[in-house]
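# Tertiary structure, described
For reference, the chains in residue letters:
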Amino acid sequence: ISRVRGSPRPRLLLQGQRRSGKSSISSVVFHKMPPTETLFLESTTRIQKEPVNSFMDFQVWDFPGQIDYNDGTFDLEAIFSDTGALIYVIDAQDEYLEALTRLHQTIITIQRFNPAINIEVFIHKVDGLSDDFKLDTQRDIVQRTTDELADLGYDGVHINYHLTSIYDHSIFEAFSKVIQKLLPELGTLENLLNGLVSNCRIEKAFLFDVLSKIYVATDSSPVDVQSYEICSDYIDVVLDMTEIYGYDRGEAEVTTVEENKSSTGSTDDWSLPDQSSVMKLQNGMVLFLREINKFLALICIMRKESFEKRGLIDYNVQVFQQALERVFELHR
Ligand code: GDP
């Protein structure tokens, strides 16, 4: 696993051609910008390291699309060697042949510096496409990439593809998958969540990164889109309330590549007041949100009957929280 030097957090690199949607993605996912406002964003023209004020502190390096790798301006070793995942954004509503050529060049360049990097292709802006067309586009992109890399002698490179849009939850789900692959603690987190779910008769539990609304782990029962969306909407509601009435989470400051500083999480992250919140839904289900630390929140969906044993739930959540704290301490 590649991590930022001196920091336990995985680094993500977001790359793609001009107007492919990079700035929009980072604004919507990491800065809570409403998707329609991205229409007025300035296109990315420089490498920018976005400090993300989240538990993972994954750093999104917004790469302009027109970089020439071979002109010697960039220290490719420094850029790629500590990167956990390269996210390459392709605008599916536009001609994408040139974008693919750039993707193939990038993959080959990266092999020299960091062959272990995860390569994640976001086939983006699919909100405007019919389901059939989405799948055709994906098939075409996969086929061309596989063929091209095989021709060049790189047929062992594994690539993951995601259909994404900032207008629905697909962009958040794609990020969840990308992040989860970079978490060495994931297996342990899932086991802890499984324990919690069975002890408290919970239907589904997610551990969310609150600011980005990316879930970093969930129990091993299958994720259905509806429960995920409900939980993510619930975070919005709670967050809007806490922004007005709650405590200050602090702002992230913007740094550029040259100032490559990275802060490490302090133990203070764990010592904030515990907040929890409950909502009873019309269909007899209950949503339960509990802040785990400054960045993470546990959200559970359960039946009304299970929630009646509130003492049991509080106790188990507390045990879960302590275990989680130890897991992350061990990995520091
Ligand atoms: P960048 O140059 O890669 O940073 O691209 P921008 O973020 O500036 O996005 C270019 C345009 O694409 C903007 O007008 C966005 O509103 C639009 N855009 C970004 N993501 C989506 C998406 O998921 N769906 C649609 N329909 N448009 C998008």
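Provided above is the structure to which this section pertains.
Predicted, not measured: the structure shown is a model, and the values here were computed from it.

Moving on, we come to the overall build of the protein. Within the protein, the regular secondary structure consists of nine helices and twelve strands. Nonlocal contacts in the protein, meaning residues at least 24 apart in sequence, comprise 70% of its contacts between residues at least 6 apart.

Our focus in this paragraph is the nonpolar core. Grouped together as the largest cluster of nonpolar side chains are 60 residues, with contacts concentrated most on Phe175, Leu207 and Leu298. The greatest single-element share of this core, amounting to seven residues, is contributed by strand β12 (residues 296-303). Apart from residues lying up to four places away in sequence, phenylalanine 175 is in contact with Leu12, Ile25, Val29, Phe30, Ile87, Phe122 and Ile214. Leu13, Ala92, Val121 and Leu129 belong to the second largest nonpolar core, which has 25 residues in total.

Right, let's talk about the packing of aromatic side chains for a bit. One pass over the structure, following the stated rule, counts ten aromatic pairs. Here the aromatic rings of tyrosine 215 and tyrosine 228 are separated by 5.4 Å at their centres, their planes lie at 65°, and the arrangement is edge-to-face. Of the two residues, tyrosine 215 sits in strand β8 (residues 214-218) while tyrosine 228 sits in helix α7 (residues 225-245), which places them 13 residues apart along the sequence. Relative accessible area serves as the criterion here: at 5%, tyrosine 215 is assigned to the buried category. Grouped by ring-pair contacts, the aromatic residues Phe206, Phe208, Tyr215 and Tyr228 constitute a single cluster. Residue placement shows lysine 204 over the ring face of phenylalanine 206; its charged tip is 5.7 Å from the ring centre. Cation over ring: lysine 213 sits above phenylalanine 172, and NZ or CZ is 5.0 Å from the ring centre.

Before going further, it helps to examine unusual backbone geometry. With phi around 65°, lysine 125 is a residue other than glycine that occupies positive phi space. If you trace the backbone, lysine 125 turns up in the loop between β5 (118-124) and α4 (131-151). The backbone of lysine 213 sits at a positive phi, close to 60°, despite the residue not being glycine. Mapped onto the elements of the fold, lysine 213 is located in the loop between β7 (202-209) and β8.

Calculation criteria
Residues numbered from 1 in each chain as written. Predicted model: local features only at pLDDT ≥ 70, side-chain atom pairs only at ≥ 80, totals over all residues. Heavy atoms only, no water. Helix = DSSP H or I, 4+ residues; strand = E, 2+ residues; numbered from the N terminus. Contact = heavy atoms within 4.5 Å. Core = buried A, V, L, I, M, F, W, Y, C linked by side-chain atoms within 4.5 Å. Buried < 20%, exposed > 50% of the residue type's maximum accessible area, 1.4 Å probe, protein only. Phe/Tyr/Trp six-rings, centres within 6.5 Å; stacked < 30°, edge-to-face > 60°. Lys NZ or Arg CZ within 6 Å of the ring centre and 35° of its normal.

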